[in-house]
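Residue-level listing of the chains:
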Amino acid sequence: MLEKYEIRYSTMIEGKQVEKIVELPNSSSSKLPKLYMYRWKVQGLLIALGLIVVLILYTTLSSTTVFQENPSMLEPQNHSNTVDLSVFHRDKIRYKHTKRHIPQCIIIGCRKAGTRALLSFLNLHPQVQISKNEMHFFNDDVSYSYGLEWYRKKMPYSFADQITIEKTPAYFSSYEVPKRVAKMNSTIKLLLIVRDPTDRTISDYLQIHLNKLNRGKPIKTFEESVIDSETGKIDTHYPPLVRSLYYQYMWNWLQSFNLDQFLVLSGEELVKNPLPELKRVESFLNLEPSFTSDMFYFNSTRGFYCIRNMTYNSCLRESKGRKHPDVDPKKNLQLHYFLKHMKKSLGKTESF
Ligand SMILES: Nc1ncnc2c1ncn2[C@@H]1O[C@H](COP(=O)(O)OS(=O)(=O)O)[C@@H](OP(=O)(O)O)[C@H]1O
C-alpha cells in the first residue's frame, strides 16, 4: 500500500528550468491520496452497482415482453377477419401473463407429407402458438420417461385463448403413441396430413438416401431398396414402404381416439393452394377466421407457396421440395401392384 505521495512539477526560476518535488502528507485531511488508496474499492463498488442496475432492468423487461406474435392480444376485442393481420401478426412481442401449455392439438404425421409447411402456415394464425422443433416426446421412451412437465416446459409461451400445436410426423407410425397421447389428453385434436403413398415413399427413400450419402454410407437406388435382392420380391419391411400403409396406423389410432378428433388433410391440396386446407383447420380447431390469401404467394423458383410477410417473404428450406429420382413403378409389376394397394390405403384413410 502507498504511504507517501508526491507531486513533481517544473518551474522557471531566474531563467532556469527547475524541477520541484512536493511531498504530500499521509494524513486523513488529504482527500486526493485517500481516494487514490481506495480506488480499487471504489471501482469494485461501481461495478457492483452497475450489475445490480442491469439485473433490475433485465427482470423488469423479461416479465413484460415475450416472443409472441399475437394480433388478438394487441386488439383483444377484435377477432374479426377485417383486422389487417399483415400489420399485426408478424411482430414478435413478448407479453405478460403467458404460460407454457401442453399442446391442445398435435400434427401426428405423415412423414414427408407436408407437415412442416402445415405447421409454418398455421403459425400465421394469431390464436396459434407452435413448437418449432419436433419433440418426439411420445415415441421416444427416454423423452417420455422425463414426464409431462418436461414436455410442457419445451412448449412456447402462449395466452390462455391460444392453441399450442406440436408436430412430430413419427407419431403416426409409432405403435405406443396413441395410448400415451390419450393418457395425456383424451379429447385432444389431431391433424393428419397424407400424400399419395408412392410419392411419400419416394420422398422418404430420398431423405434416407441423402442422409446415408452425407455420412459416406453405401447407397442403393429406389428399386434396389424396395425389392429384396435375394427373393426378388417386394421387401414389405422396407420402412419407407411400410410407413405409407396409412390405413393400418389409422386403425391403431382409432383404438384410442374418436373419429371426430381427427382432421385428415391432403398434402397435394396444401401444395396446390394452402388456403382452403388452412380454413378447414381453422374451423376444426374453432379458431377465429384469420387466414387470407394475401398471407401466401406462389414462388415459381421453388415451385411452392411461401409466406408473405410485411418485412420479408419466407419459403421452407431447400430440403423441402427436393427433386425426386425418376422412378417408374410400371417397370416392375410387383412394385406397381404393391403401390396400387397402398393407394387403396390412402383412399380409406382420406375417407375418415
Ligand atoms: N409450401 C411448401 N414448401 C415446401 N415443401 C412443401 C410445401 N408444401 C408441401 N410441401 C411438401 O412437404 C414435403 C416434406 O414434408 P414434411 O415437412 O412432412 O417432411 S418431414 O417429415 O418433416 O421431413 C416436401 O416433400 P418433397 O417434395 O418430397 O421434398 C414437399 O413436397
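Here goes a summary of the coordinates provided. (Residues numbered from 1 in each chain as written. Predicted model: local features only at pLDDT ≥ 70, side-chain atom pairs only at ≥ 80, totals over all residues.)

This part covers the sheet that holds strand S9 (residues 262–266). Here 5 strands make up an open sheet; going across it, the order is S5-S7-S4-S8-S9 and the pairing parallel. Since the sheet does not close on itself, it has two edges, and those belong to strand S5 (128–130) and S9, each with one partner. Between one strand axis and the next, the sheet turns through 25° on average, direction left out of account. Of the strand pairs in this sheet, strand S4 (residues 105–109) and strand S7 (residues 163–167) are connected by 3 bridges, and their pairing is parallel. Opposite Ile 107, over in S7, you have Lys 167 as the bridge partner. (Pairing = 2+ DSSP bridges. Helix = DSSP H or I, 4+ residues; strand = E, 2+ residues; numbered from the N terminus. Axes fitted to C-alpha atoms, helices over the stretch in contact; angles between N-to-C directions.)

Take the sheet that holds strand S11 (residues 304–308) next. Sheet architecture is open: 3 strands sit in the order S10-S11-S12, paired in antiparallel fashion. For this open sheet the edge positions go to strand S10 (296–299) and strand S12 (313–314), each flanked by a neighbour on one side alone. Judged from the 2 bridges that link them, S11 and S12 form a sheet pairing that is antiparallel. By the bridge assignment, Ile 307 is partnered in S12 with Ser 314.

Inspection of the region around the ligand gives 17 residues, with Thr 115, Arg 116, Ala 117, Ser 203 and Phe 304 positioned closest. For the shell around the ligand, the secondary-structure elements that each account for two or more residues are helix H5 (115–122), helix H13 (267–272) and S11. Of the residues forming the shell around the ligand, the biggest block, 3 residues, is contributed by H5. (Near = placed C-beta within 6 Å.)

The next subject is unusual backbone geometry. The peptide bond linking Gly 109 to Cys 110 adopts the cis configuration, its omega dihedral lying at -5°. Examined against the element boundaries, Cys 110 turns out to sit in the loop between S4 and H5. We note that Lys 112 has phi near 65°; this positive angle belongs to a residue other than glycine. Within the element layout of this structure, Lys 112 appears in the loop between S4 and H5. In this model, His 136 sits at a positive phi of 50°, which is unusual for a non-glycine residue.

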